[in-house]
Amino acid sequence: MTEHLTVVDHPLVQHKLSIMRDKTTSTASFRQLLREISHLLAYEVTRELPMTNVRIETPMCDMDAPMIEGKKLALVSILRAGNGLLDGILELIPAARVGFIGLYRDEETLQPVEYYNKLPQRMEDRVTIVVDPMLATGNSSAAAIDMVKAAGAKDIRFLCLLAAPEGVARMKEAHPDVPVVTAALDEKLNEKGYIVPGLGDAGDRMFGTA
Ligand code: URA
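Per an unreviewed UniProt entry, the protein chain goes by Uracil phosphoribosyltransferase and derives from Sagittula marina. Recorded under Pathway (unreviewed entry), the UniProt text for the protein chain is reproduced unchanged: "Pyrimidine metabolism; UMP biosynthesis via salvage pathway; UMP from uracil: step 1/1."

Okay, here's the thing in structure tokens:
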């Protein structure tokens, strides 16, 4: 992908996102919409995957049929909200390998601290898509990308639902080689680091823990 930031400005994505933002939307609807939107975002984030032709035989004749080249993709979810996006993407890419990264924020330094890191083998050979619905300060996203790079990943994309300008700038500074795909670029962060207008706490909204 050539652009650092891609906003998926598609009517279906925008319509579903607006319902998700509405605070009266139920947990069940939020989860279902996230699943639906993740299909549409997955379509965009995989648009430029490398392709190769494979010789196959249809019932009619032989042909060179286009298929995705290389090893199975790696999908890496940043816990816990990343799992909502992950589930939908796995429906489209069921053979993908899956990794999980857990980070918490040190309340003194405000920096992300790793508590879980389980990634697929051979990351250096896989296109890697790191998923987290909210790109807010960008600190945990940048730290997660550091971790997948440390495991060898080279061709990495970051997929989120909402991004704040601060998070996009942080990612561009820390990882200019990692394209960011999002459904919307919101206005700003508030003093607590929440995206405005946003949709609130994505994990709480999808798991009903508010
Ligand atoms: N994480 C969330 O869940 N929501 C925000 O607005 C920012 C970070």
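Student: Hey, could you run me through the overall build of the protein chain in this one?
Tutor: A tally of regular secondary structure across the protein chain gives 6 helices and 14 strands. The C-alpha atoms of the protein chain give a radius of gyration of 18 Å, which matches the 17 Å a tight globule of 210 residues would have. Projecting the C-alpha coordinates of the protein chain onto the three principal axes gives extents of approximately 60 × 35 × 30 Å. For the protein chain, with 210 residues in total, the buried portion stands at 37%. Across the protein chain, contacts joining residues at least 24 apart in sequence account for 63% of those joining residues at least 6 apart.

Student: Just checking my understanding: could you explain the UniProt feature "binding site: uracil" (unreviewed entry) in the protein chain for this structure?
Tutor: The UniProt entry lists I195, G200, D201 and A202 under the feature "binding site: uracil" (unreviewed entry), expressed in the numbering used here. Take G200: it is sitting in the loop between β14 (195-196) and α6 (202-207). The class for G200 is partly exposed, based on 16 C-beta atoms found within 10 Å. Setting aside residues no more than four positions away along its own chain, G200 makes contact with K23 and R205. Positionally, A202 belongs in helix α6. In this structure, A202 is in contact with A81, P133 and M134, ignoring residues within four places of it in sequence.

Student: I keep staring at helix α4 (residues 139-150) and nothing clicks. Help me out?
Tutor: Along an α-helix, a turn takes 3.6 residues, which lines up residues three or four apart on a common side. Taking 1.5 Å per residue, 12 residues should reach 16 Å; α4 reaches 16 Å between its end C-alpha atoms and fits that length. Taken as a whole, α4 has its buried residues at S140, S141, A142, A144, I145 and V148. Looking at the residues trailing α4, positive phi occurs at G152, about 110 degrees.

Student: Mind showing me how you'd approach the pairing of strand β4 (residues 74-78) here?
Tutor: Here is the key point about a regular strand: its side chains alternate between the two faces of the sheet. Counted residue by residue, β4 has 5 buried out of 5 residues, so it is predominantly covered. The alternating pattern of β4 places A74, V76 and I78 and L75 and S77 on opposite faces, both of which are buried. Pairing geometry for β4 and strand β7 (residues 127-131), over 4 bridges, is parallel. Residue S77 lies in a different strand from β7, and its bridge partner there is V131.

Student: I tried to follow the UniProt feature "domain: Phosphoribosyltransferase" (unreviewed entry) in the protein chain on my own but got confused; where do I start?
Tutor: Annotation from UniProt places "domain: Phosphoribosyltransferase" (unreviewed entry) at residues 7-209. For residues 7-209, helix accounts for 34% and strand for 29%, while the C-alpha atoms at its two ends are 29 Å apart.

Student: Got a minute to help me understand the site of the ligand in this structure?
Tutor: Around the ligand sit A81, M134, A136, Y194, I195, G198, D201, A202 and G203, and those are all the residues in its vicinity. In the shell around the ligand, the residues fall into 6 nonpolar, 2 polar and 1 charged.

Student: Honestly, the nonpolar core in this entry has me stumped. Any pointers?
Tutor: Side chains that are nonpolar tend, in soluble globular proteins, to be buried together. Core analysis: the biggest nonpolar cluster contains 55 residues, and V130 and V131 have the highest contact counts within it. Among the elements that take part in this core, helix α2 (residues 27-45) stands out by supplying 7 residues, more than any other. Those residues within four positions of V130 in sequence are excluded, and the remaining contacts are V76, I78, A144, I145, V148, I156 and F158.

Student: For this particular structure, what's the right way to read the pairing of strand β5 (residues 97-105)?
Tutor: Pairing of β4 with β5 involves 5 bridges; the strand directions are parallel. Following the sheet pairing, S77 is matched in β5 by F100. Here β5 runs beside strand β6 (residues 112-118); their pairing, made up of 6 bridges, is antiparallel. Bridged to L103 within β6 is E114. Between the end of β5 and the start of β6, which pair antiparallel, lie 6 residues, with L110 showing a positive phi angle near 60 degrees.

About the thresholds
Numbering of residues starts from 1 in every chain and runs along the sequence as written. Where local features are concerned, this predicted model is filtered to residues with pLDDT of at least 70; where side-chain atom pairs are given and counted, the filter is 80 or more; whole-chain, interface and lining totals use all residues. UniProt positions are given in the numbering used here, feature names are shortened, and annotations may be inferred rather than shown by experiment. Where helices and strands are cited, they refer to DSSP runs of H or I of at least four residues and of E of at least two residues respectively, numbered from the N terminus. Put simply, the radius of gyration uses C-alpha atoms, and a globule should come to 2.2 Å times the residue count raised to 0.38. Neighbour density around each residue's C-beta defines its exposure: 20 or more other C-beta atoms within 10 Å make it buried, 12 or fewer make it exposed, and counts between make it partly exposed, where C-beta atoms are placed from the backbone. Any residue pair is listed as a contact if its two C-beta atoms, each placed from the backbone, are within 7 Å. Multiplying one less than the number of residues by 1.5 Å gives the expected span of a helix. Here, any two strands with at least 2 DSSP bridges between them count as paired. In this analysis a residue is considered near a molecule or strand if the C-beta atom, reconstructed from its backbone, is found within 6 Å of that molecule or strand. Gly is placed with the polar residues, together with every amino acid not listed as nonpolar (Ala, Val, Leu, Ile, Met, Phe, Trp, Tyr, Cys and Pro) or charged (Asp, Glu, Lys and Arg). When buried Ala, Val, Leu, Ile, Met, Phe, Trp, Tyr and Cys residues are joined through C-beta atoms within 7 Å, the set is termed a nonpolar core.

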